[in-house]
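Geometric and topological summary
The chain contents come next:
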Amino acid sequence: MSDSLFRARVRAALADETLHVALGRATAQLQARRATAFASLQDPAAVRARARAGKLAALRTLDLQLEEFERRLVANGITVHWARDAEEACATIVAIATSRGCRRAVKGKSMASEEIELNAALEAAGVEVVESDLGEYVVQLDRDRPSHIILPILHRTREQVGRIFERELGVDWTPDPAALARIARERLRERFLAADLGITGANFGVVETGTLCIVSNEGNVRMSSSLPRVHVALLGIDKLVPTQDDLDAALQVLARSATGQQSTVYVSLVNGPRRRADATPPEEGPDEVHVVLLDHGRTRTLAGETAEMLACIRCGACLNACPVFQQVGGHAYGSIYPGPMGSVLTPTMRGLADHAELPQASSLCGACKEACPVGIDLPRLLLALRRATVAEQPIAPTLRLALRAWAFVMARPRLLRLLRRVARVVAPHLARRGWLRRAPGLLSGWTAHRDLPLPAAQSFDEWWATRR
Amino acid sequence: MNAREEILGRVRAALRTARIPAEPPPPPPSSPLESAPSHEWRARFAAELRALGVALHEEASDAAVAERVVALIGTRRLLAWPDATLPPAVAARLAQLPAGQRLDLAAPRAALATAEVGLTAVDAAIAETGSLLLIAAHDRPRTPSLLPPLHVAIVRGSDLVPTLRAALAKLRHALPSAAALHRITGPSRTADIELQLTLGVHGPGALAVVLGP
Ligand code: SF4
């Protein structure tokens, strides 16, 4: 992604008034719900601390945890695959599908599958695939991309969803969310009953028991993991928690942070394929369960300063809390992981060189850190990435000159005072409505992206002098 | 090098420089309900169900439970757990339903999908969150709590536990051999369109709990 592309997307998003209003309302509501949900815990800090500790403990010995997890999965009758990158993950899942004659897949919501662009790979191999989460279904019908990791169509109004259904499904237009959900239920019910392959992500992998934990509110994940004869779960190697107690804490904070619920409606703990196909009637459930463990850049995030980022449980709270996200929405980030978490994940997983703009897209106000249920110090990580950018890429000669000039002036109080007096006289002539939108000379680079306030009538040191 | 070895190698290499805060793990979160008397579990369970929009029917005897279940089913097509996993009084009462109303679990899936009511017992019920825990096994089919628009769950007093931790402890012998465990907290819902709460997207849009003695 080039700088100019990123800036163009941000400009487009900022110009979209409807998007603004919708985003502002939704993120405010989500934050209020989250606060209420945490208030129902006797000791929210203790639960958050335990959830964080579980994720960090898994990361600290991740190699051993992965090996143990694999052993437990295999003992439970699950087939384990490893995928270094997106291509390998797609090829693995396509091979599972084709070798078992699967032609109709249903999918639960999975950010990892978005990451590797699995749908395109399956379709190229002749496997029909349908998204079953309502939001993802709309995204798929509209050939769009999700704009939020929890609420994929946060950028769409109900009227727009009605138009998409009208156009793609040939139904009468309606803006009623209940009616739209009913249409999706009917259409997808047929697909669930006919599917021979279910694909899901997983929210957590419990090492001590070799269990996959997958949550959903709609029930589509339960369908995807229960009805088709083959179930494939794709999970990043960062999804592990050591014990059931860690899972318990993680589930409590995930539901609260993501949607403001005490508990997600459906929590599926998958231990393996059905055990008694020979019983009468035969046990329900898949004949085969496959787990694909995906790296795809996660080991790059794990190295050095940014390791803590892998404790992320993908709750979306930092997106909702972020003033930048509230203004530009998810698509502007140009990555399926938007907001503060994405601004750390994308450059580390995909390479800083192509995504150097993302860590800059933050005011470092700290709202994300405050919101994060597992206490990830996002501002610190963003700063670390900014440092790394500067170390990797030579800074522009004009910026270097400007910084030198700034340092020169700052070290000379008398010169500073003189320049300040000049600025007070000159600046008002350049300002429009109290802001400097286009400053001269070396400052023009700054005002290309940010407005400058007019110099104060009295500076702090002048005020201080009058107090003594 | 194969993918497994290479990924594990990358993990080991990354861990040499990874900066992961070393914090002593706090104890697992505990809930005041764990030490509360069991009648408080019952009250909390009822309150949580109400908040979730679940219809709760408290009955004082096994016979009353069976009558309530049959009344809830009415004349609708039923997909139920096998008799062996239902309370005997309920199984006996179901035997009196008109022939054909209760679907045969061995029927093809398309037939099961026509059910209008699903009936199950539960393996545990969590007071703190109003959740039901259902093991998936050959005698505990998954579809009755998943496909029909209404799910009726029978909860006995002895199924009640305070928390998820307590439930997992209670089921620890059954779990390792089960293919899956499902926790259900309220009816199927979504808020994907403009954060509007909508019930019954894929799973049952209505959930009723018959709570016995
Ligand atoms: S960084 Fe924290 S707040 Fe953001 S999605 Fe991850 S866990 Fe949630």
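Since the structure is predicted, the reported quantities are computational estimates derived from the model, not experimental observations. (Residues numbered from 1 in each chain as written. Chains lettered and ligands numbered in written order. Predicted model: local features only at pLDDT ≥ 70, side-chain atom pairs only at ≥ 80, totals over all residues. Heavy atoms only, no water.)

1. Description of the overall build of chain A
Quick note on the threshold: Working definition: helices are DSSP H or I runs of at least four residues, strands are E runs of at least two. Numbering for both runs from the N terminus. When we talk radius of gyration, it's over C-alpha atoms, and the globule rule is simply 2.2 Å times the number of residues to the 0.38. Should any heavy atoms of two residues lie within 4.5 Å, those residues are considered in contact. Only four residue types enter the tally: Lys and Arg on the positive side, Asp and Glu on the negative side; His and the chain ends are excluded. One atom stands in for each charge, and that atom is NZ of Lys, CZ of Arg, CG of Asp or CD of Glu.
Scanning chain A for helices and strands turns up 22 helices and 12 strands. The C-alpha radius of gyration computed for chain A amounts to 25 Å, which stays within 12% of the reference 23 Å derived for 468 residues, consistent with globular compactness. By its C-alpha atoms, chain A is 90 × 55 × 45 Å across when sized along the principal axes. Considering only intrachain contacts with a sequence separation of at least 6, the fraction spanning at least 24 residues in chain A is 73%. The averaged location of the 51 negative side-chain charges in chain A is 10 Å from the averaged location of its 60 positive side-chain charges.

2. So, helix H18 (residues 378–392) of chain A
Residues and elements named next belong to chain A. Selection rule: In this analysis, the expected span of each helix is defined as 1.5 Å times one less than the number of residues it contains. Relative accessible area decides the class of each residue, using a 1.4 Å probe on protein chains only: under 20% of the type maximum gives buried, over 50% gives exposed, and in between gives partly exposed.
For H18, spanning 15 residues, the distance from its first C-alpha to its last is 21 Å, which sits close to the expected 21 Å at 1.5 Å a residue. The set of residues buried in H18 consists of Leu378, Pro379, Arg380, Leu381, Leu382, Ala384, Leu385, Arg386 and Thr389. Elements in contact with the buried residues of H18: helix H14 (317–321), helix H16 (339–350) and helix H17 (367–371).

3. Concerning the sheet that holds strand E8 (residues 180–184) of chain B
Selection criterion: Note on pairing: DSSP must find at least two bridges between two strands before they are called paired.
Taken in spatial order, the 8 strands line up as E8(A)-E5(A)-E6(A)-E9(A)-E8(B)-E5(B)-E4(B)-E7(B) in an open sheet, and their pairing is mixed. Taken across any chain shown, the strands that pair with only one partner, and hence form the sheet edges, are strand E8 (240–241) of chain A together with strand E7 (160–161) of chain B. In this structure, strand E9 (residues 266–270) of chain A lies alongside E8 of chain B, joined through 5 bridges in antiparallel fashion. Paired with serine 268 of chain A across the bridge in E8 of chain B is histidine 182 of chain B.

4. Quick notes on the site of the ligand
We apply this condition: Throughout, the term near means that a residue has one or more heavy atoms lying within 4 Å of the molecule or strand in question. Residues are grouped as follows: Ala, Val, Leu, Ile, Met, Phe, Trp, Tyr, Cys and Pro are nonpolar; Asp, Glu, Lys and Arg are charged; all remaining types, including Gly, are polar.
Every one of the 14 residues lining the ligand counts as a neighbour, but Cys312, Cys315, Gly316, Cys318 and Cys372 of chain A are closest to it. Residues of the shell around the ligand, tallied by class, amount to 12 nonpolar, 1 polar and 1 charged.

5. Here we look at the packing of aromatic side chains
All names here are of chain A. Heads up, the rule is: Pairing of aromatic side chains here covers Phe, Tyr and the six-membered ring of Trp, requires ring centres within 6.5 Å, and sorts the geometry by plane angle: under 30 degrees stacked, over 60 edge-to-face, intermediate tilted.
Overall, the coordinates contain 5 aromatic pairs over all chains when judged by the stated rule. Here the aromatic rings of phenylalanine 460 and tryptophan 463 are separated by 5.6 Å at their centres, their planes lie at 40 degrees, and the arrangement is tilted. Residue phenylalanine 460 and its partner tryptophan 463 are located together in helix H22 (residues 460–467), separated by 3 residues, close to a single helical turn. With a centroid separation of 6.2 Å and an interplanar angle of 40 degrees, the aromatic rings of tryptophan 463 and tryptophan 464 are classed as tilted. For tryptophan 463, a relative accessible area of 35% gives the class partly exposed. Among the aromatic side chains, those forming a connected cluster through ring pairs are Phe460, Trp463 and Trp464.

6. Let's talk about the environment of asparagine 320 of chain A
Residue and element names in this part refer to chain A. Within the element layout of this structure, asparagine 320 appears in helix H14. When the C-alpha positions of asparagine 320 and serine 343 are compared, they lie 14 Å apart, and in sequence the two are 23 residues distant. In contact with asparagine 320, not counting residues within four places along its chain, are Thr27, Leu30, Gln31, His148 and Gln326.

7. Describing the interface of chain B and chain A
Applicable threshold: Buried area is understood as the total, over both parts, of accessible area removed when two parts are fitted together, assessed with a 1.4 Å probe. Salt bridges are defined as contacts in which a side-chain nitrogen from Lys or Arg sits within 4 Å of a carboxyl oxygen from Asp or Glu. N or O atoms closer than or at 3.5 Å make up a polar contact, with two conditions inside protein: a donor-capable atom paired with an acceptor-capable one, and, for residues adjacent in sequence, both atoms drawn from side chains.
Listed per partner, the contact involves 78 residues of chain B and 94 residues of chain A. Taken over both partners, the interface formed by chain B and chain A buries close to 7,300 Å², and the fraction arising from carbon and sulfur atoms is 56%. For the pair chain B and chain A, the interface holds 9 salt bridges. Two residues, aspartate 295 of chain A and arginine 10 of chain B, come together in a salt bridge whose shortest N-O distance is 2.6 Å. At the junction of chain B and chain A, the tally comes to 42 residue pairs in polar contact (both at pLDDT 80 or more). Of all the secondary structure elements, the ones that give two or more residues to the side of chain B that touches chain A are helix H1 (3–17), helix H2 (38–52), helix H5 (109–112), strand E5 (131–136), helix H6 (164–170), E8 and strand E9 (189–190) of chain B. At 11 residues, the largest contribution of residues to the side of chain B that touches chain A is made by H1 of chain B.

8. Some remarks on the pattern of salt bridges
Applying the stated criterion across every chain, the model contains 46 salt bridges over all chains. With its nearest N and O atoms 2.8 Å apart, the salt bridge here joins glutamate 23 of chain B to arginine 52 of chain A. Highlighted residues: glutamate 23 of chain B in the loop between H1 and H2 and arginine 52 of chain A in helix H3 (residues 44–60), drawn from two different chains. Of the residues examined, glutamate 23 of chain B reaches a relative accessible area of 35% and is grouped as partly exposed. You can call arginine 52 of chain A buried: its relative accessible area is 11%. We note a salt bridge from arginine 165 of chain B to aspartate 245 of chain A, for which the minimum N-O separation is 2.9 Å.

9. Notes on the packing of helix H2 (residues 17–39) of chain A against helix H12 (residues 244–259) of chain A
All names here are of chain A. Heads up, the condition is: Axis lines are fitted to C-alpha atoms, over the contacting stretch for helices. Their N-to-C directions set the angle, which ranges from 0 to 180 degrees. In this scheme, roughly parallel covers angles under 35 degrees and roughly antiparallel covers those over 145, while 65 to 115 is roughly perpendicular and the rest are oblique.
Direction vectors running N to C along H2 and H12 enclose 150 degrees, while the axes themselves pass 6 Å from each other. In terms of their interaxial angle, H2 and H12 are classed as roughly antiparallel. For the pair H2 and H12, the contacting residues are Leu30, Arg33, Arg34, Ala37 and Phe38 in the first and Val253, Arg256, Ser257, Ala258 and Thr259 in the second. Residue composition of the contact of H2 with H12, grouped by class: 5 nonpolar, 2 polar and 3 charged.

10. Focus on the domain arrangement of chain A
The condition is simple: Residue ranges labeled as domains rest on an automatic or database domain assignment.
The domain architecture assigned to chain A consists of domain 1 (41–296) and domain 2 (401–467). Here domain 1 of chain A and domain 2 of chain A have C-alpha centroids that lie 53 Å from each other.

11. Description of a nonpolar patch on the surface
Rule in force here: For patches, a residue must show more than 30% relative accessible area and have no salt bridge; joins then use 9 Å for like charges and 5 Å for nonpolar side chains, namely Val, Leu, Ile, Met, Phe, Trp and Tyr. Every accessible area reported is derived by Shrake-Rupley at a probe size of 1.4 Å, with residue values counting cover from the shown protein chains alone.
On the surface, Leu418, Val422, Val425, Val426 and Leu430 of chain A cluster together into a nonpolar patch covering about 420 Å² of accessible area. Tracing the backbone shows leucine 430 of chain A in helix H20 (residues 413–430).

12. Quick notes on the pairing of strand E1 (residues 79–83) of chain A
Residues and elements named next belong to chain A. Of all 5 residues in E1, 4 are buried; the element is thus mostly enclosed. In terms of strand pairing, E1 meets strand E10 (residues 288–294) through 5 bridges, oriented parallel. Of the residues in E10, the one forming a bridge with threonine 79 is histidine 290.

13. Side note on the side chain of arginine 84 of chain A
Mapped onto the elements, arginine 84 of chain A comes out in the loop between E1 and helix H5 (86–99). A polar contact is formed between the side chain of arginine 84 of chain A and the side chain of glutamate 6 of chain B, at a distance of 2.7 Å. The residues touching arginine 84 of chain A, leaving out its near neighbours within four places in the chain, are Asp295 and His296 of chain A together with Met1, Asn2, Ala3, Glu6, Ile7 and Arg10 of chain B.

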